[in-house]
There are 2 protein chains.
Amino acid sequence: MTEPRYLTDAEKLAVATAEAKKGLAEGGIPIGAALFDEEGRLLGSGHNQRVQGGNPALHGETAAFLNAGRQRSYRRTTMATTLSPCWYCSGLVRQFNIGRVIVGENENFFGGQDWLAENGTEVTTVNDPELIRIMTDFIAANPELWNEDIGED
Amino acid sequence: MTEPRYLTDAEKLAVATAEAKKGLAEGGIPIGAALFDEEGRLLGSGHNQRVQGGNPALHGETAAFLNAGRQRSYRRTTMATTLSPCWYCSGLVRQFNIGRVIVGENENFFGGQDWLAENGTEVTTVNDPELIRIMTDFIAANPELWNEDIGED
């Protein structure tokens, strides 16, 4: 038996970041996420599919949740996401009692993370400079697409 | 030019109910939803896909939202759902500013509908006896599956 492999926060966020970059390379909205079990094993990861999949329901977090498949409990899982979760994704976290969220950055968008913290989710914000830059550049270049993704008229 | 066809609330809810019954017939969780534009045209409908699709991310409301495809604005849309929307689906409604929600019943489950109403969504509750019965029977027969679907340990 080897010791369980606990990934660090930085390593978990790196999985989400790789998803965001994959999305950007595909011409999509560069937001990624990944869900881990309590021992730091990856359950599933994914990225926003609005452009590539024509799929408005797959944000980074919901894509990771989908790709993790059916789970009996999420209480000890951790969701790493490159951007502060919007209400839709915050609702996902709250309903399924995902225990912890690592937020890559919340400077370009501040979602429901305080609401989650108030309701018992452990929230850690990193504000990684590279993630801030990726999203700042993307929003500046694609304001309409970004507004569509967050439901702004 | 004919007059726009405004569906009544009962007609909108009937579309969601048909989805719930389709889900039940498939062996799935009987929750359905449908999204309509301001003139009452159906944009998309769907039902819970946890069992059939092995898909934990598709609740009734998110399935309807997905099947409606990309939309530029949801402010004048109406979501009819057979069951009070959980936090995940309430978050969807709030983030995308879906203007109105018709709740088929909230006796078996009371989700985030008050939170939505407080934040500007028009919420109408029907408490349809047939929908209450369908969900009561389903939960009684499938308690573990139901708890999995709402993230209860």
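Residues numbered from 1 in each chain as written. Chains lettered and ligands numbered in written order. Predicted model: local features only at pLDDT ≥ 70, side-chain atom pairs only at ≥ 80, totals over all residues. Heavy atoms only, no water.

With respect to the overall build of chain A
In step 1: Helix and strand counts for chain A come out as six helices and five strands.
In step 2: Each helix and strand of chain A, ordered N terminal to C terminal, gives the series α-β-β-α-β-α-β-α-β-α-α.
In step 3: The globule rule puts the C-alpha radius of gyration for 153 residues at 15 Å, and the 14 Å found for chain A is close to it.
In step 4: Overall, the C-alpha framework of chain A stretches about 50 × 30 × 30 Å when taken along its three principal axes.
In step 5: Relative to its 153 residues, chain A shows a buried fraction of 56%.
In step 6: Considering only contacts in chain A between residues 6 or more positions apart, those separated by 24 or more positions represent 54%.
In step 7: Accessible surface, chain A: about 6300 Å² in total, of which carbon and sulfur atoms supply 49%.
In step 8: Each charge class in chain A can be summarised by its mean position, and for the 13 positive and 22 negative side chains these summaries are 10 Å apart. (Helix = DSSP H or I, 4+ residues; strand = E, 2+ residues; numbered from the N terminus. Rg over C-alpha atoms; globule rule 2.2 N^0.38 Å. Buried < 20%, exposed > 50% of the residue type's maximum accessible area, 1.4 Å probe, protein only. Contact = heavy atoms within 4.5 Å. Areas by Shrake-Rupley, 256 points an atom, 1.4 Å probe, with all protein chains shown as cover. Lys, Arg positive; Asp, Glu negative; His and termini not counted. Charge placed at Lys NZ, Arg CZ, Asp CG, Glu CD.)

Structural notes on the UniProt feature "domain: CMP/dCMP-type deaminase" (unreviewed entry) in chain A
In step 1: Taking the numbering used here, the UniProt-annotated feature "domain: CMP/dCMP-type deaminase" (unreviewed entry) corresponds to residues 7-123 of chain A.
In step 2: The distance separating the terminal C-alpha atoms of residues 7-123 of chain A is 17 Å; by composition the span is 34% helix and 18% strand. (UniProt positions renumbered as here; feature names shortened; annotations may be inferred.)

What to know about the interface of chain A and chain B
In step 1: Between chain A and chain B, the contact holds 37 residues from the first and 37 residues from the second.
In step 2: When chain A packs against chain B, the two sides together hide about 3200 Å² of surface, and 54% of this comes from carbon and sulfur.
In step 3: Together, Arg-70, Arg-72 and Gln-95 of chain A form the three largest contributors to the area buried by chain A at its contact with chain B, with a combined 23%.
In step 4: At the boundary of chain A and chain B, one finds four salt bridges.
In step 5: Two residues, Arg-75 of chain B and Asp-153 of chain A, come together in a salt bridge whose shortest N-O distance is 3.0 Å. (Buried area = accessible area lost by both parts, 1.4 Å probe. Salt bridge = Lys/Arg side-chain N within 4 Å of Asp/Glu carboxyl O.)

Quick look at the sheet that holds strand 1 (residues 32-36) of chain B
Residue and element names in this part refer to chain B.
In step 1: Pairing is mixed across the open sheet formed by five strands, whose spatial order is 2-1-3-4-5. Looking along the sheet, the strands with just one partner apiece sit at the ends: strand 2 (42-47) and strand 5 (122-125). Adjacent strand axes in the sheet meet at a mean angle of 15°, parallel and antiparallel pairs treated alike.
In step 2: Running at roughly 140° to strand 2, helix 2 (residues 60-67) makes contact with strand 1, strand 2 and strand 3 (78-81) of the sheet. (Pairing = 2+ DSSP bridges. Axes fitted to C-alpha atoms, helices over the stretch in contact; angles between N-to-C directions.)

Observations concerning the side chain of Ser-45 of chain B
Residues and elements named next belong to chain B.
In step 1: Structurally, the position occupied by Ser-45 is in strand 2.
In step 2: One polar contact links Ser-45 to Glu-19, side chain to side chain, over a distance of 2.6 Å.
In step 3: Those residues in contact with Ser-45 that sit more than four places away from it in its chain are Val-15, Glu-19, Ala-33, Ala-34, Ala-63, Ala-64 and Asn-67. (Polar contact = N/O pair within 3.5 Å; in protein donor to acceptor, adjacent residues only side chain to side chain.)

So, helix 1 (residues 9-25) of chain A
Residues and elements named next belong to chain A.
In step 1: Here helix 1 is 17 residues long and its end C-alpha atoms lie 24 Å apart, about the 24 Å a rise of 1.5 Å per residue gives.
In step 2: Buried residues in helix 1 make contact with strand 1 (32-36), strand 2 (42-47), strand 3 (78-81), strand 4 (100-103) and helix 5 (129-141).
In step 3: Backbone geometry just downstream of helix 1 places Gly-27 in the positive-phi region, at approximately 90°. (Expected span 1.5 Å × (residues − 1).)

A few points about the relation of the copies chain A and chain B
In step 1: Rotating chain A by 180° and translating it 0.0 Å along the rotation axis places it on chain B, where the RMSD comes to 0.0 Å. Such a combination of turn and shift is consistent with a two-fold rotation axis. Closest approach to the rotation axis among the C-alpha atoms of chain A is made by Gly-91 of chain A, whose C-alpha sits 2.4 Å away. (Least-squares fit on C-alpha atoms with pLDDT ≥ 70 in both.)

With respect to the environment of Gly-23 of chain B
All names here are of chain B.
In step 1: Positionally, Gly-23 belongs in helix 1 (residues 9-25).
In step 2: The class of Gly-23 is buried, set by a relative accessible area of 0%.
In step 3: Between the C-alpha atom of Gly-23 and that of His-47, which follows or precedes it by 24 residues, the distance is 6.1 Å.
In step 4: Setting aside anything within four residues of it in sequence, one finds Gly-23 in contact with Gly-28, His-47 and Gln-52.

Some thoughts on the packing of aromatic side chains
In step 1: Under the counting rule described, the total for this entry stands at 16 aromatic pairs over all chains.
In step 2: Between the aromatic rings of Phe-109 of chain A and Trp-146 of chain A, the centroid separation amounts to 5.8 Å while the plane-to-plane angle is 90°, which identifies the pairing as edge-to-face. Taken together, the residues Phe-109 of chain A in the loop between strand 4 and helix 4 (113-118) and Trp-146 of chain A in helix 6 (residues 143-149) connect sequence positions 37 residues apart. Both residues of the pair, Phe-109 of chain A and Trp-146 of chain A, belong to the buried class.
In step 3: Ring geometry for Trp-87 of chain B versus Trp-115 of chain B: centroids 5.3 Å apart, planes at 80°, classification edge-to-face. One end of the pair, Trp-87 of chain B, is in helix 3 (residues 87-95); the other, Trp-115 of chain B, is in helix 4 (residues 113-118), and 28 residues separate them in sequence. (Phe/Tyr/Trp six-rings, centres within 6.5 Å; stacked < 30°, edge-to-face > 60°.)

Brief notes about the packing of helix 1 of chain A against helix 5 of chain A
Residue and element names in this part refer to chain A.
In step 1: Put simply, helix 1 and helix 5 touch, their axes get as near as 11 Å, and they point 25° apart. Comparing their axes, helix 5 and helix 1 come out roughly parallel. For the element pair helix 1 and helix 5, the recorded crossing hand is left-handed. Of helix 5, the residues touching helix 1 (which contributes Leu-13, Thr-17, Lys-21 and Leu-24) are Glu-130, Leu-131, Ile-134 and Phe-138.
In step 2: Looking at the contact of helix 1 with helix 5 residue by residue, the class counts come to five nonpolar, one polar and two charged. (Parallel < 35°, antiparallel > 145°, perpendicular 65-115°, else oblique. Left-handed = near helix turned anticlockwise from the far one by under 90°. Nonpolar A, V, L, I, M, F, W, Y, C, P; charged D, E, K, R; others polar.)

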